[in-house]
Amino acid sequence: MAVSVHRKNLFFKPDSSRVVARFFNNGDPRTINLVHRIIGLNEIEVKRELEITFQEFVGRHRNISNIFLKHANNYKNLIQSIGFNYDDFSLERKLLIGSYSTLEYAIESAALFNPSIVEDFDQSFLAEGEKRVIISFRAVGEGHLSSIVFRKGILDASNNLRVVEAAKHLELPEIKKRNHTIKSVLRIKWKK
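Residues numbered from 1 in each chain as written. Predicted model: local features only at pLDDT ≥ 70, side-chain atom pairs only at ≥ 80, totals over all residues. Heavy atoms only, no water.

Engineer: Account for the overall build of the protein chain, with residues named and values stated.
Structural biologist: Scanning the protein chain for helices and strands turns up 6 helices and 6 strands. Ordered by position from the N terminus, the helices and strands of the protein chain form the series β-α-α-α-α-α-β-β-β-β-β-α. On C-alpha atoms alone, the protein chain measures out to a radius of gyration of 23 Å, which is more than a quarter above the 16 Å that the 2.2 N^0.38 rule sets for 192 residues. For the protein chain, the C-alpha atoms occupy an extent of roughly 75 × 50 × 35 Å along the three principal directions. Of all 192 residues assigned to the protein chain, the portion counted as buried reaches 27%. For the protein chain, the proportion of contacts with a sequence separation of at least 24, taken over those separated by at least 6, is 66%. Counting only carbon and sulfur atoms, one obtains 53% of the accessible surface of the protein chain, whose full area is about 13,800 Å². Here the protein chain carries 30 positive and 22 negative side-chain charges, and the mean point of each set is 10 Å from the other. (Helix = DSSP H or I, 4+ residues; strand = E, 2+ residues; numbered from the N terminus. Rg over C-alpha atoms; globule rule 2.2 N^0.38 Å. Buried < 20%, exposed > 50% of the residue type's maximum accessible area, 1.4 Å probe, protein only. Contact = heavy atoms within 4.5 Å. Areas by Shrake-Rupley, 256 points an atom, 1.4 Å probe, with all protein chains shown as cover. Lys, Arg positive; Asp, Glu negative; His and termini not counted. Charge placed at Lys NZ, Arg CZ, Asp CG, Glu CD.)

Next comes the structure, spelled out in structure tokens:
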């Protein structure tokens, strides 16, 4: 049985402006040097530098303050090891340290390929004959690191796809490690 294929004039192109803010570790010696330089700034200088940094990042990230603080917290033990009490630092000083520990990474700057399409679980508020879908792609960014990215769209009754504009603000997933195995739970479920 032959399958007839009708190509649509629809193209998905990578968007290098879609970036995530990743933790950047430049090594302990450089980080210690950086911390010493930031500690040498007075509070007015810290606030001025932080304000300039926020202006650079804020349009590309939902809550850059939380990201900076999380990245600064990664250095708490290192900062304590060189004789400073991290908890005594002002919030602005921690945020500035975190900003220097943040690297933007364009997740789809090189390519989008390997598309896959599935029906969205939410089919509400659609016209007769329409179907909401989710499209996944393998995205390749800087350094050829791969990610999975998603687009939403609506197929009409004539199989024309209308794609919803991709979100500009991206976030890395929060990875939670479990310290116990769920093998016993799975065994119980398999026996039922």
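Engineer: Describe the pattern of salt bridges, and please don't skip the residues or the numbers.
Structural biologist: Within this structure, the stated rule accounts for 11 salt bridges. The closest approach of N and O atoms between Asp87 and Lys76, which form a salt bridge, is 3.2 Å. Here Asp87 is found in the loop between helix H4 (76-81) and helix H5 (91-99), whereas its partner Lys76 is found in helix H4, with 11 residues between them in sequence. Judged by relative accessible area, which is 29%, Lys76 ranks as partly exposed. Ionic pairing is found between Glu119 and Lys131, a salt bridge with its closest N-O pair at 3.6 Å. In this pair, Glu119 sits in strand S3 (residues 111-119) while Lys131 sits in strand S4 (residues 131-140), placing the two residues 12 residues apart along the sequence. For Glu119, a relative accessible area of 49% corresponds to the partly exposed category. The partly exposed category is assigned to Lys131, whose relative accessible area is 35%. Counted as one network, the salt bridges with shared partners bring together Arg18, Glu108 and Arg151. (Salt bridge = Lys/Arg side-chain N within 4 Å of Asp/Glu carboxyl O.)

Engineer: Before we move on, could you go through the sheet that holds S4 and cite the residues and values that matter?
Structural biologist: Remark on secondary structure: sheet strands pair via backbone hydrogen bonds, oriented parallel or antiparallel. With antiparallel pairing, 4 strands are arranged side by side in an open sheet as S3-S4-S5-S6. Pairing within the sheet leaves two strands with one partner each, and these edge strands are S3 and strand S6 (161-163). The average angle at which neighbouring strand axes cross in this sheet is 35°, direction not considered. As defined by bridge partners, strand S5 (residues 146-155) adjoins S6 across 3 bridges and the pair is classed as antiparallel. Looking at the pairing, Ile154 lines up with Arg162 of S6. (Pairing = 2+ DSSP bridges. Axes fitted to C-alpha atoms, helices over the stretch in contact; angles between N-to-C directions.)

Engineer: Got a sec to walk through the packing of aromatic side chains? Specific residues and values, please.
Structural biologist: One pass over the full model with this rule turns up 6 aromatic pairs. Judged by centre distance (4.9 Å) and plane angle (50°), the rings of Phe12 and Phe137 are tilted. On the criterion of sequence distance, the pair formed by Phe12 in the segment before strand S1 (19-23) and Phe137 in strand S4 is long-range, its members being 125 residues apart. Ring plane angle 20° and centroid distance 5.9 Å describe the contact between Phe54 and Phe68, whose orientation is recorded as stacked. With Phe54 in helix H2 (residues 43-57) and Phe68 in helix H3 (residues 64-73), this residue pair connects regions lying 14 residues apart in the sequence. Following the ring pairs from residue to residue traces out a cluster consisting of Phe54, Phe57 and Phe68. Its guanidinium or amino end placed over the ring of Phe57, Arg60 lies 5.7 Å from that ring's centre, counting from NZ or CZ. (Phe/Tyr/Trp six-rings, centres within 6.5 Å; stacked < 30°, edge-to-face > 60°. Lys NZ or Arg CZ within 6 Å of the ring centre and 35° of its normal.)

Functional significance is not addressed by these values, which are geometric in nature.
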